[in-house]
Amino acid sequence: MKKTLIIIVATLAILVSKNSKAQSVDTSLIQTYTAFDTAKVYPQLLFASNQFKLIAKQNPTYWLANYYAAWSIAILSFQEPDKKKKDPMLDEADNFFSKIELMDTANDEIAVLGALLSNARLSVDPQSRHGKYGKISQGYYDQALKLNPNNPRVFYLQGTGLYYTPKLFGGGPEKAQPLLAKAASLFPNDSQDIHKPHWGKAANDKMLKDCNDKLKK
Amino acid sequence: MKLIKKLQLLALAIPITLLSLPANAQMVIKGKVSEAKGKPVPFATVYVKNTISGALTDTLGRYTIKVNKKENITLIATAIGFDTASYNLVPDTGKSFIVNLTLGTNSSSLDQVTIMAGSMEANNDRKVAVLTTLDIYTTAGAAGDVVGAIQTLPGVEKVADQTGLFVRGGDASESAAIVDGLVVQDPFFSPVPGVAQRSRFGPYEFKGISFSSGGYSARYGQALSGILDLSTNDLPEATTFNANVNMAGVGLSFSKLWDHSALEGGVNYTNTQPFYGITKTNLDFFQPPAGVGGNLRYVWTNKAGDILKLTANYNQYKSGIDVVNPNQPDTTLAFKLQNSYGTASLYYKHLFNERTFLTVATSYTQNGDSVNWGGEIFDKQDKRTAGRIELDHEISDKVFAYAGFELQSYSEWQQFDSVDISFKETILAGYLEAEWKPAKWIAIKPGVRYEYSQLLGKSDVAPRVSAAIRVGKYGQVSLAYGMFYQDPSDKYLLFGDTKTNFQEATHYIANYQYMQNDRTFRVEGYYKSYNDLIREIVPEGVPYDPNPYRPFFWPVDNSGYGYAKGVDVFWRDKKSINDFDYWISYSYIDTKRLYANYIAEAQPDFVANNDLNIVTKYFFEKPGMNVSLTYNYASGRPYYNPLNPTFLGDRTIPYQDLALSISYLFRVKKLFGVFYLGIDNLTNNKNILGYNYSDNGDVRYPIEPALYRSLFAGIFLSLTPFKKDEL
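Basis of the calculations
Along each chain, residues carry numbers from 1 onward, in the same order as the chain's sequence is written. A letter from A marks each chain and a number from 1 marks each ligand, given out in the order of writing. It should be noted that, the model being predicted, local features are given only for residues of pLDDT at least 70 and side-chain atom pairs only at 80 or more, the latter also being counted only at that level, while totals for whole chains, interfaces and linings use all residues. In this text, helices come from DSSP runs of H or I with a minimum length of four residues, and strands from runs of E with a minimum of two, each type numbered from the N-terminal end. Exposure classification rests on a simple neighbour count of other C-beta atoms within 10 Å of a residue's own: a residue reaching 20 or more is buried, one at 12 or fewer is exposed, and one in between is partly exposed. C-beta atoms are placed from the backbone. Remark: residues whose backbone-derived C-beta atoms lie within 7 Å of one another are considered to be in contact. For every residue, the predictor reports its confidence as pLDDT, a number between 0 and 100. Defined on buried residues, the nonpolar core groups Ala, Val, Leu, Ile, Met, Phe, Trp, Tyr and Cys residues joined through C-beta atoms within 7 Å. Angles run from 0 to 180 degrees between N-to-C directions of axes, and those axes are lines fitted to C-alpha atoms, restricted for helices to the stretch in contact. When describing relative orientation, an angle under 35 degrees is termed roughly parallel and one over 145 degrees roughly antiparallel, while 65 to 115 degrees is termed roughly perpendicular and anything else oblique. In a left-handed crossing the near helix is turned counterclockwise from the far helix by less than a right angle, and in a right-handed crossing that turn is clockwise. Here, a strand pair is defined by DSSP locating no fewer than two bridges between the strands. What a helix should span is 1.5 Å times the count of its residues minus one. What the arc describes is the spread of directions from the helix axis to the C-beta atoms. Amino acid classes used here: Ala, Val, Leu, Ile, Met, Phe, Trp, Tyr, Cys and Pro are nonpolar; Asp, Glu, Lys and Arg are charged; the rest, including Gly, are polar.

Trainee: Where do I start with the overall build of chain B in this structure?
Mentor: Across its full length, chain B holds 5 helices and 41 strands. The principal-axis extents of the C-alpha atoms in chain B amount to approximately 105 × 60 × 45 Å. When the 727 residues of chain B are sorted by exposure, 39% land in the buried category. Long-range contacts, defined as pairs at least 24 residues apart, comprise 62% of the intrachain contacts of chain B with a sequence gap of at least 6.

What follows is the structure, encoded as structure tokens:
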């Protein structure tokens with residue numbers, strides 16, 4: 001009995017110590033995610049994104065750390081006022097992304113991140129990049145939907161893309177609205193666990209509202 | 001901008017430090033991050049290596065980090081556009097430390113210096129391109145022809161009555177068109193006396209267009225003046241089906257896209273009857289050009305980035321025009337032409353790793369012309385086999401090098417009357433070139449090319465070198481020097497005199513370019529010397545014959561020579577007015593040469609001293625319409641007047657042309673369409689290209705272009721939506 005107890009305690013101790021590192025990384029990720037999510041101005045976003053990058057550099061084999069680093073840079077790049085800085089930023093994001101693309105090919109969120117990065121590249125110079133990156137994004141959407149047909153972020157990104165595409169080129173609010181509405185119906189199913197990316201709801205709600213307002217007019 | 005100001009104020013007020021930290025045994029590191037010249041770097045990241053303790057600098061470059069005390073600490077500073085800086089700190093007993101860090105400008109990302117002397121690029125990927133491929137298609141007056149748009153760039157003459165690309169005082173035979181690294185045989189439709197023909201390059205085939213008006217890379221040779229270097233598309237964007245109906249025929253095309261491969265193809269029927277039917281022409285097109293053609297293309301790629309392209313094209317057409325009789329300028333002769341053209345090519349690129357790749361390309365082309373000129377029958381056939389193998393390797397971050405071999409084997413056969421002549425030439429070339437960036441602000445590219453001609457039995461070694469230096473934040477100076485060798489043109493090879501040597505040109509080019517925020521200014525000066533040009537030994541007393549289509553030539557030697565010097569200026573502004581884009585190009589050239597059958601050193605008849613192009617484009621978001629206006633002015637060109645003692649001493653009136661093009665996008669259910677309309681010479685300006693003189697020189701007859709004002713319209717339909725960049 002005593003012996004059994006020792007074994008159990010020892011095993012637990014090992015498990016706890018093994019987990020404690022993962023836990024501390026996750027704790028850092030949760031803190032940084034909260035900071036990023038609630039950031040109101042550019043320097044706060046940049047600071048939180050830098051924090052994600054440091055966490056990823058410390059944990060190069062942990063997919064989630066690389067995921068948030070790449071994701072935060074992509075989001076940040078949309079807000080970066082200096083157009084010339086966008087591509088070098090996204091080069092850095094690609095470095096993190098290429099690591100996780102090799103780690104796990106069966107995760108729909110990784111494909112969604114691929115699409116987000118491609119959309120970010122496209123938005124640097126939409127006129128001349130539409131051809132190349134439009135196709136790359138579509139490839140990632142298809143891949144994500146194959147793995148999870150109910151990923152709200154796919155519909156949010158597709159809808160956003162269409163919203164900004166002129167009507168004549170096959171876009172416009174009419175085309176975007178059903179996709180954004182579908183995304184809105186799927187977002188409530190998101191888990192709030194840091195291991196399951198769940199960004200995009202607030203932005204989708206806003207985009208859907210803009211879209212509906214435009215259609216009313 | 002307002003937001004940025006606010007952000008900066010906020011950052012100034014509260015330098016942000018780490019989110020949360022345990023409070024035991026801490027030390028504080030403070031300092032400033034600045035550029036090499038001392039200017040503070042705002043929003044730089046400073047962190048302690050192997051930890052997640054970091055901070056962001058404020059607008060004055062200041063940072064503060066609180067960190068658990070350790071024996072030694074490596075502090076790292078990074079910012080976009082800069083190299084990373086680090087500092088090893090061995091803390092003493094104190095609690096706070098000051099560490100200032102200096103960031104060097106990054107050589108591999110922002111503001112990289114690029115060698116530009118002599119070349120203009122239309123490319124969608126590279127940041128340095130002056131134009132995008134879209135610009136080529138939406139330029140009025142270009143008529144959807146790649147070469148038509150190139151003619152609006154500085155250094156290129158638009159010659160309305162001769163076929164080819166005329167670059168900085170060089171004639172059409174002195175420039176080459178290259179597709180995927182291979183020289184194109186007959187890049188233009190077969191020449192018709194007095195009527196410039198368009199190039200065979202369709203508007204949507206290329207992802208990159210690079211035009212060099214001199215000083216080009218050791219990769220290429222056999223062009224004294226310049227090259228047009230085209231890269232074909234990779235995989236198409238989508239599976240689709242297109243139809244094109246216009247005043248010159250109908251075309252159908254498709255593309256089928258799989259995961260890693262695609263098949264594309266098309267057929268077309270050309271009949272220019274509707275176009276010539278409504279246009280008032282100066283020459284009688286009794287048989288407007290008409291024909292059929294088809295093309296097929298297979299593209300394969302894999303995840304590693306290897307790519308294979310297989311292409312086949314076939315086209316045949318016939319035409320009939322009454323052209324001026326060169327011997328009796330007051331009369332005309334019927335010129336009937338039948339042409340068939342077929343080409344097949346293979347291109348393969350293999351990536352060994354991120355730094356090394358191999359390219360292999362080969363092509364075969366066969367072209368046949370049958371001409372009936374006033375009852376005289378000329379039959380002509382020419383062939384070309386081209387091959388290239390090249391290895392590219394990035395030796396380090398600072399050095400990129402490539403080496404390759406090129407083979408060109410071409411032949412021509414011609415028969416008229418009882419004369420049956422032919423030649424076959426094989427040119428072997430090897431080259432080595434490297435681009436070295438010893439520092440952030442300088443790039444040097446030395447190269448050398450060796451060529452051997454089987455027909456001439458001669459070889460040459462052509463050194464090339466170019467360099468670029470950054471001046472200021474947005475400007476740079478580029479320089480280029482090179483020697484260029486070329487065979488005698490085909491017509492001289494055909495007449496059997498192969499005792500000659502290569503012709504030679506030496507280029508010196510200096511270029512300044514300023515590029516900021518969608519505004520580009522460039523000015524380029526050049527000097528070229530021509531040596532060993534092919535010159536006909538015209539017997540004493542024989543008068544000069546200005547007819548470029550003479551069927552016979554005198555024996556030749558390499559005693560020709562010449563020079564060209566000039567200035568090209570280019571200004572483009574996409575920024576000042578929303579949706580409005582314009583560029584202005586101006587060229588001044590001073591050139592003279594003694595070559596061909598010239599009787600004295602003179603400015604050639606295809607060169608205008610001053611050339612101005614103004615290209616404007618406006619995009620109306622609603623209703624989705626692109627409108628472009630292009631104005632071209634060229635000062636008078638020389639023409640031969642037998643009564644003037646100065647050879648080629650007369651000048652025509654200036655050439656002026658205003659062209660308009662409109663493309664309107666529309667949508668009918670699932671079908672997407674573009675309606676396009678182009679009007680050339682809107683003002684119906686009566687341009688005169690030169691004069692023909694009667695035998696005794698008493699009467700002169702103006703040489704008019706084939707058309708004054710003309711109108712062209714058509715509709716392009718697609719089953720998939722248009723991308724804005726296909727307009």
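Picking up where we left off.
Trainee: Just to check I follow, could you spell out the overall build of chain A for this structure?
Mentor: When its secondary structure is counted, chain A shows 9 helices and 0 strands. Put simply, chain A runs from its N terminus to its C terminus through helices and strands in the order α-α-α-α-α-α-α-α-α. Residue pairs at least 24 apart in sequence account for 59% of intrachain contacts in chain A once pairs closer than 6 positions are excluded.

Trainee: Would you explain the confidence of the model for chain B in this entry?
Mentor: Interpreting fine coordinate detail is not advised for predicted regions of low pLDDT. Residue and element names in this part refer to chain B. With 93% of its residues at a pLDDT of 70 or more, chain B shows a mean pLDDT of 87. Under a pLDDT of 50 for its full length, residues 1–23 has, in the predicted model, 34 contacts with residues more than four places off or in other chains. Contacts of residues 723–727 to residues separated by more than four positions or lying in other chains number 19 contacts, the stretch itself having pLDDT below 50. In the predicted assembly, ipTM is 0.71 and pTM is 0.77.

Trainee: What is the right way to read the environment of glycine 54 of chain B from this model?
Mentor: With respect to the helices, strands and loops of the structure, glycine 54 of chain B is situated in strand 3 (residues 54–56). Sequence-wise, glycine 54 of chain B and alanine 344 of chain B are 290 residues apart; in three dimensions their C-alpha atoms are separated by 59 Å.

Trainee: In this structure, what is going on with the nonpolar core? I would like to understand it.
Mentor: Note on soluble globular proteins: their nonpolar side chains tend to be buried together. Residues Tyr68, Ala70, Ala93, Leu113, Leu116 and Leu117 of chain A together with Val46 of chain B are the most contacted members of the largest nonpolar core, which totals 76 residues. Counting residues per element, this core draws most heavily on helix 3 (residues 63–79) of chain A, which supplies 11 residues. Leaving out residues up to four positions away in the same chain, leucine 116 of chain A has contacts with Trp71, Ala74 and Leu157 of chain A. Of all hydrophobic cores here, the second largest spans 75 residues; its members include Leu153, Phe201, Ile209 and Ala505 of chain B.

Trainee: Looking at this structure, I do not really get the packing of helix 5 (residues 108–124) of chain A against helix 7 (residues 152–164) of chain A. What am I missing?
Mentor: For any two helices packed against each other, one specifies the inter-axial angle together with the distance between the axes. Residue and element names in this part refer to chain A. Orientation of helix 5 relative to helix 7, taken along the N-to-C sense of each, is 20°, at an axis distance of 10 Å. Taken as axis vectors, helix 5 and helix 7 run roughly parallel relative to one another. As helix 5 runs across helix 7, the sense of the crossing is left-handed. For the pair helix 5 and helix 7, the contacting residues are Val112, Ala115, Leu116 and Asn119 in the first and Arg153, Val154, Leu157 and Gly161 in the second.

Trainee: Explain the pairing of strand 18 (residues 261–271) of chain B to me, please; I cannot follow it from the model alone.
Mentor: A regular strand carries its side chains on alternate faces of the sheet. Residue and element names in this part refer to chain B. Sheet topology note: the strand 17 (residues 249–257)/strand 18 ladder contains 9 bridges and is antiparallel. If you follow leucine 257 over to strand 18, its bridge partner there is alanine 262. Turn length for the strand 17-strand 18 hairpin, with the two strands adjacent in sequence and antiparallel, is 3 residues. By the bridge criterion, 11 bridges tie strand 18 to strand 19 (residues 284–301) in an arrangement that is antiparallel. Looking at strand 19, one finds that serine 261 is bridged to tryptophan 300.

Trainee: What should I look at first to understand the pairing of strand 24 (residues 399–416) of chain B in this one?
Mentor: Residue and element names in this part refer to chain B. Where strand 23 (residues 376–394) and strand 24 come together, 17 bridges link them in antiparallel fashion. Bridge pairing in strand 24 places lysine 383 opposite serine 411. Hairpin geometry of strand 23 and strand 24 is characterised by an intervening segment of 4 residues between the two adjacent antiparallel strands. Pairing of strand 24 with strand 25 (residues 419–439) involves 18 bridges; the strand directions are antiparallel. Bridging from a neighbouring strand, glutamate 412 pairs with phenylalanine 423 of strand 25. Taking the residues between adjacent antiparallel strands as the criterion, strand 24 and strand 25 are bridged by 2 residues, where aspartate 417 takes a positive phi near 50°.

Trainee: Even after reading the chapter, I still don't get helix 4 (residues 83–103) of chain A, so can you show me in this structure?
Mentor: The α-helix winds at 3.6 residues per turn, so residues separated by three or four positions along the chain end up facing the same way. Residue and element names in this part refer to chain A. Compared with an ideal rise of 1.5 Å per residue, which puts 21 residues at 30 Å, helix 4 spans 31 Å between its outermost C-alpha atoms and is within 8% of the ideal. Within helix 4, the full set of buried residues consists of Lys86, Met89, Leu90, Ala93, Phe96, Phe97 and Ile100. At its buried positions, helix 4 is contacted by helix 2 (42–58), helix 3 and helix 5.

Trainee: Looking at this structure, how should I read the sheet that holds strand 6 (residues 85–89) of chain B?
Mentor: In any sheet, the strands associate via hydrogen bonds between backbone groups, in a parallel or an antiparallel arrangement. Strand order across the open sheet formed by 4 strands is 3-2-5-6 (chain B), with antiparallel pairing between neighbours. Pairing within the sheet leaves two strands with one partner each, and these edge strands are strand 3 and strand 6 of chain B. On average, each strand axis in the sheet is inclined to that of its neighbour by 15°, with strand direction left out of account. Sheet analysis places strand 5 (residues 73–78) of chain B next to strand 6 of chain B, joined by 5 bridges and oriented antiparallel. Residue isoleucine 76 of chain B lies in a different strand from strand 6 of chain B, and its bridge partner there is serine 86 of chain B. Against the sheet, helix 2 of chain A contacts strand 2 (45–48) and strand 3 of chain B, and its axis sits at roughly 155° relative to strand 3 of chain B.

Trainee: Hey, could you run me through the confidence of the model for chain A in this one?
Mentor: Per-residue confidence for chain A averages 86 on the pLDDT scale, and 89% of its residues sit at or above 70. This model gives residues 12–18 of chain A a pLDDT under 50, and the stretch forms 0 contacts once residues within four places in sequence are excluded.

Trainee: Help me understand the environment of glutamine 44 of chain A, please; the structure alone is not making it clear to me.
Mentor: Among the secondary structure elements, glutamine 44 of chain A is positioned in helix 2. Counting along the chain gives 109 residues from glutamine 44 of chain A to arginine 153 of chain A, while the straight-line C-alpha distance between them is 24 Å.

Trainee: Help me understand helix 8 (residues 173–186) of chain A, please; the structure alone is not making it clear to me.
Mentor: Residue and element names in this part refer to chain A. With 14 residues, helix 8 extends 20 Å from end C-alpha to end C-alpha; this agrees with the ideal 20 Å at 1.5 Å per step. Of the residues making up helix 8, those classed as buried are Ala176, Leu179, Leu180, Ala183 and Leu186. Down the axis of helix 8, the sector holding all buried residues measures 115°, keeping them to one side. Seen from the open side of helix 8, the exposed residues pointing more than 90 degrees away from its buried face are Glu174 and Ser185. Buried residues in helix 8 make contact with helix 7 and helix 9 (201–216).

Trainee: Even after reading the chapter, I still don't get the packing of helix 7 of chain A against helix 8 of chain A, so can you show me in this structure?
Mentor: Residue and element names in this part refer to chain A. Between helix 7 and helix 8, whose axes approach to 8 Å, the crossing angle comes to 160°. The angle between the axes of helix 7 and helix 8 places the two elements in the roughly antiparallel class. Every pair of crossing elements has a handedness; the one defined by helix 7 and helix 8 is left-handed. Contacts between helix 7 and helix 8 involve Pro152, Phe155, Tyr156, Gln158, Gly159, Leu162 and Tyr163 from the first element and Pro173, Lys175, Ala176, Leu179, Leu180, Lys182, Ala183 and Leu186 from the second. Across the contact of helix 7 with helix 8, the residue classes tally to 11 nonpolar, 2 polar and 2 charged.

Trainee: Teacher, can you tell me more about unusual backbone geometry here?
Mentor: Note: most peptide bonds trans; most residues except glycine with negative phi. Residue and element names in this part refer to chain B. Non-glycine residue asparagine 50 carries a positive phi angle of around 65°. At alanine 596, a residue that is not glycine, the phi angle is positive and equals roughly 50°. Mapped onto the elements, alanine 596 comes out in the loop between strand 32 (580–594) and strand 33 (610–620).

Trainee: Help me out: how do you make sense of the environment of leucine 494 of chain B in this one?
Mentor: Residues and elements named next belong to chain B. Within the fold, leucine 494 resides in helix 5 (residues 490–494). Taking the C-alpha atoms as reference points, leucine 494 and tyrosine 348, separated by 146 residues in sequence, lie 34 Å from one another. Residue contacts for leucine 494: discarding those within four places in its chain leaves Glu412, Gln414, Ile421 and Phe423.

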